[in-house]
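# Observations on the model geometry
Below, each chain spelled out in residue letters.
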Amino acid sequence: MWKILKRIAKTGIATETPPDLQKVGAGETAATQRIHDEILQILGRALTIREVDAGSCNGCELELNALNNVYYNLEGLGIKFVASPRHADLLLVTGPVSRNMALALQRTYDAIPEPKLVVAVGDCAINGGIFGESYATLGGVAKMLPVDHVIPGCPPEPIAILQGILTAVRYRLGTRAAADSAGHA
Ligand code: SF4
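Note on numbering: residues in each chain are counted from 1, in written sequence order. Local features in a predicted model are, by the rule used here, given only for residues with pLDDT of at least 70; side-chain atom pairs are given and counted only at 80 or more, and totals for whole chains, interfaces and linings are based on all residues. Water and hydrogen atoms were dropped before computing side-chain values, which therefore reflect all heavy atoms in the structure.

If a single non-hydrogen atom of a residue is within 4 Å of a molecule or strand, that residue counts as near it. Lining the immediate environment of the ligand, one finds Ser-56, Cys-57, Gly-59, Cys-60, Asp-123, Cys-124, Ile-130, Gly-153, Cys-154 and Pro-155. Classification convention: Asp, Glu, Lys, Arg as charged; Ala, Val, Leu, Ile, Met, Phe, Trp, Tyr, Cys, Pro as nonpolar; all other residues, Gly among them, as polar. Within the shell around the ligand, the residues separate by chemical class into six nonpolar, three polar and one charged.

What follows is about the pattern of salt bridges. Between side chains of opposite charge, a pair can form when the charged atoms approach closely. A pairing counts as a salt bridge when a side-chain nitrogen of Lys or Arg comes within 4 Å of a carboxyl oxygen of Asp or Glu. All told, the structure shown has two salt bridges when counted by the stated rule. Lys-143 is the salt-bridge partner of Glu-133, the closest N and O atoms lying 2.5 Å from each other. Highlighted residues: Glu-133 in the loop between helix H5 (123-127) and strand S5 (149-151) and Lys-143 in the loop between H5 and S5, separated in sequence by 10 residues. Its relative accessible area of 55% is what places Glu-133 among the exposed residues. Put simply, DSSP marks the helices as runs of H or I at least four residues long and the strands as runs of E at least two long, and each gets a number from the N terminus on. Under the scheme applied here, a residue whose accessible area is under 20% of the maximum for its type counts as buried, over 50% as exposed, and between as partly exposed, the area being computed with a 1.4 Å probe on protein chains only.

In this section: helix H1 (residues 2-11). Since there are 3.6 residues in each turn of an α-helix, residues three or four apart along the chain are aligned in direction. Across the 10 residues of H1, zero count as buried, placing the element largely on the outside. Of the residues one or two after H1, Gly-12 is the one with positive phi, at around 70°.

By size, the foremost hydrophobic cluster in this structure holds 24 residues, and its most contacted members are Leu-67, Ile-79, Leu-90 and Ile-165. The dominant element in this core, judged by the number of residues it contributes, is helix H6 (residues 158-172), at seven residues. Not counting residues up to four positions away in its chain, the partners in contact with Leu-90 are Leu-47, Thr-48, Ile-49, Arg-50, Leu-117, Val-119 and Ala-168. Put simply, buried Ala, Val, Leu, Ile, Met, Phe, Trp, Tyr and Cys residues joined by side-chain atoms within 4.5 Å make one nonpolar core. Core analysis: the next-biggest nonpolar cluster, separate from the first, contains 17 residues, Val-52, Leu-91, Val-93 and Leu-145 among them. Residue contacts are defined here by distance: any two heavy atoms, one from each residue, within 4.5 Å place the two residues in contact.

A few words now on the sheet that holds strand S1 (residues 47-53). A pair of strands is labelled paired if DSSP reports no fewer than 2 bridges between them. Strand order in this open sheet of five strands is S2-S1-S3-S4-S5, and the pairing throughout is parallel. Sheet topology places strand S2 (79-81) and S5 at the edges, where each strand pairs with a single neighbour. With direction set aside, neighbouring strand axes in the sheet form an average angle of 25°. Where S1 and S2 come together, three bridges link them in parallel fashion. Throughout, an axis means a line fitted to C-alpha atoms (over the contacting stretch in the case of helices), and angles, computed between N-to-C directions, take values from 0 to 180 degrees.

Quick look at a nonpolar patch on the surface now. A cluster of nonpolar side chains, namely Met-1, Trp-2, Ile-4, Leu-5 and Ile-8, defines an oily patch on the protein surface of about 640 Å² accessible area. Tracing the backbone shows Leu-5 in helix H1. Overall, Leu-5 belongs to the partly exposed group, its relative accessible area being 37%. Like charges are joined within 9 Å and nonpolar side chains (Val, Leu, Ile, Met, Phe, Trp, Tyr) within 5 Å, but only among residues with over 30% relative accessible area and no salt bridge; these make up the patches. Accessible surface area values rest on a Shrake-Rupley calculation with a 1.4 Å probe, where residue burial reflects the displayed protein chains alone.

This brings us to unusual backbone geometry. Omega for the peptide link from Glu-114 to Pro-115 comes to -5°, which places this bond in the cis form. Mapped onto the fold, Pro-115 is located in the loop between helix H4 (102-111) and strand S4 (117-121). Omega for the bond connecting Cys-154 with Pro-155 falls within 30 degrees of zero, at -10°, which places this linkage in the cis form. Here Pro-155 is to be found in the loop between S5 and H6. With a phi angle near 85°, Asn-58 is a residue other than glycine that sits in the positive phi range. Within the secondary structure layout, Asn-58 lies in the loop between S1 and helix H3 (59-67). Owing to a relative accessible area of 41%, Asn-58 belongs among the partly exposed residues under this scheme.

See below:
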């Protein structure tokens, strides 16, 4: 017991200093609100998303989970993650496409009704990222599916993912020029 307490006292606090919530919160809330308003204005109806982890390290999934919390209020915008690709409008893919997941990814894509959108989330889904191409992975999603929009980052923050969804929605509704200026693939 004393040994442990001594070690704790010697180690001190090993975590990073937390960000200034006043500053971070204010900026992010304003940006989130702006994106919310724009998505609601453009979408006008529900957008359903099927997510496939094609071989990620789960870092991107953690950010997607964060996007589902009350702070970002996705469901309030009418954006829902669905279990069946047959109910989806948009396919979100994370991770490099591992050879073991290639067939499942292709089948999921095939099952989504037209018109469908494909968004690659994170550097691995864009070009293989730190995993690259190997006997185990094919690399980026574009190697096998037509990708409409990419969201770079390792992993991208929830706000960047939200912005990416907005860009994909703009693209879907034909405002391609606006999508291009925001990083359309
Ligand atoms: S982009 Fe980064 S966080 Fe996302 S799957 Fe690849 S290594 Fe993990």
